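# Examining the three-dimensional arrangement
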Amino acid sequence: MTENVDEGDIAADYLEALLDIADMDGDIEIETDSRRTTLVVGGAGDDSLTPLSDPETVSALQELTRLAVQAKTGEFSRVVLDVAGSRDARTKELESMVARALSDIEGGAEQVALTPMSSYERKLVHDLVADAGLVSESQGEGRERHAVVKPAEG
């Protein structure tokens, strides 16, 4: 097995145990690419998982899952968690945030600081901002780390 499959299997086992403790059901799919492993728990709109699909809850579960994988492998984990379509819903929220920031920049703002977010979410924001022809950078430390959108130089 490759490292990603092992990481995915460890993460899936951990999540299955958590779901059992919470007396919840959810199918877990493991998706891997060259950079990270994504675990999809339940499908979009899976009402039985609604209590777990809140962005803060997903972020906490993702961090716990990463720590569990790291404890087993001894290596940094890039596991991403999607609960009942939460990842797509969060991506839409980030797209809206970036659209508002772009509008503010077009309205004359020198820069727009977004709310704190995970490294995965900041990467999505940086990509969205670059696609719009502007620039962004991460600022802050720890839980306060966030993206700042600026006009392109030149």
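Here the structure is shown first, and the text comes after it.
Residues numbered from 1 in each chain as written. Predicted model: local features only at pLDDT ≥ 70, side-chain atom pairs only at ≥ 80, totals over all residues. Heavy atoms only, no water.

## Let's talk about the overall build of the protein chain
The following threshold applies: For the purposes of this entry, the term helix denotes a DSSP run of H or I that reaches at least four residues, the term strand denotes a run of E that reaches at least two, and both are numbered from the N terminus. We call a residue buried when its accessible area falls under 20% of the maximum for its residue type, exposed when it is over 50%, and partly exposed in between, using a 1.4 Å probe and counting protein chains only. Contacts are residue-level and defined by heavy atoms, with any inter-residue pair within 4.5 Å sufficient.
Counting its secondary structure elements, the protein chain contains four helices and six strands. Seen in sequence order, the protein chain has helices and strands lined up from the N terminus as α-β-β-α-β-α-β-α-β-β. Counting across all 154 residues of the protein chain, residues that qualify as buried make up 35%. Partitioning the intrachain contacts of the protein chain with sequence separation of at least 6 by distance along the chain shows that 56% fall at a separation of at least 24.

## A closer look at the environment of Ser53
The condition is simple: Pairs of N or O atoms are called polar contacts if they sit within 3.5 Å, as long as, within protein, a hydrogen donor faces a hydrogen acceptor (for residues adjacent in sequence, only side-chain-to-side-chain pairs).
Inspection of the secondary structure assignment puts Ser53 in the loop between strand 2 (37–41) and helix 2 (55–73). Spatially, the C-alpha atoms of Ser53 and Asp25 are 13 Å apart, while their sequence positions differ by 28 residues. With residues up to four places along the chain from it excluded, the contact list for Ser53 reads Val58, Val83, Ala84 and Ser86. At 3.0 Å, the side chain of Ser53 forms a polar contact with the backbone oxygen of Thr50.

## Considerations on the sheet that holds strand 3 (residues 80–83)
Quick reminder of the rule: One bridge is not enough; two strands pair if DSSP finds at least two bridges between them. Between N-to-C directions, angles cover 0 to 180 degrees, with each direction set by a line fitted to C-alpha atoms, over the stretch in contact for helices.
Taken together, the three strands give an open sheet; going across it, the order is 1-2-3, and neighbouring strands pair in mixed fashion. Looking along the sheet, the strands with just one partner apiece sit at the ends: strand 1 (28–32) and strand 3. The sheet shows a mean angle of 20° between the axes of neighbouring strands, taken without regard to direction.

## Focus on the nonpolar core
Convention followed: Among the buried residues, those of types Ala, Val, Leu, Ile, Met, Phe, Trp, Tyr and Cys that are joined through side-chain atoms within 4.5 Å form a nonpolar core.
Counting 17 residues, the largest nonpolar core has Leu39, Val41, Leu49, Leu81 and Val83 as its most contacted members. For this core, the secondary-structure elements that each account for two or more residues are helix 1 (3–21), strand 2, helix 2 and strand 3. No other element matches the four residues that helix 1 contributes to this core. By size, the runner-up hydrophobic cluster in this structure holds 14 residues, among which are Leu102, Val125, Val129 and Leu134.

## Looking at helix 2
For clarity, the threshold we go by: Multiplying one less than the number of residues by 1.5 Å gives the expected span of a helix. Working note: the arc is built from the helix axis to C-beta atom directions.
Taking 1.5 Å per residue as the helical rise, helix 2 with its 19 residues ought to reach 27 Å, and the 26 Å between its terminal C-alpha atoms agrees with that figure. When helix 2 is considered as a whole, its buried residues turn out to be Val58, Leu61, Gln62, Thr65, Arg66, Ala68 and Val69. Here the buried residues of helix 2 occupy an arc of 165° about the axis, which is enough to place them on one side. Opposite its buried face, helix 2 presents the exposed residues Glu56 and Ala71, each directed more than 90 degrees away. The backbone nitrogen of Glu56 has a side-chain oxygen 3.1 Å away, supplied by the residue at the start of helix 2, namely Asp54. Within two residues after helix 2, Gly74 carries a phi angle of roughly 75°, on the positive side.

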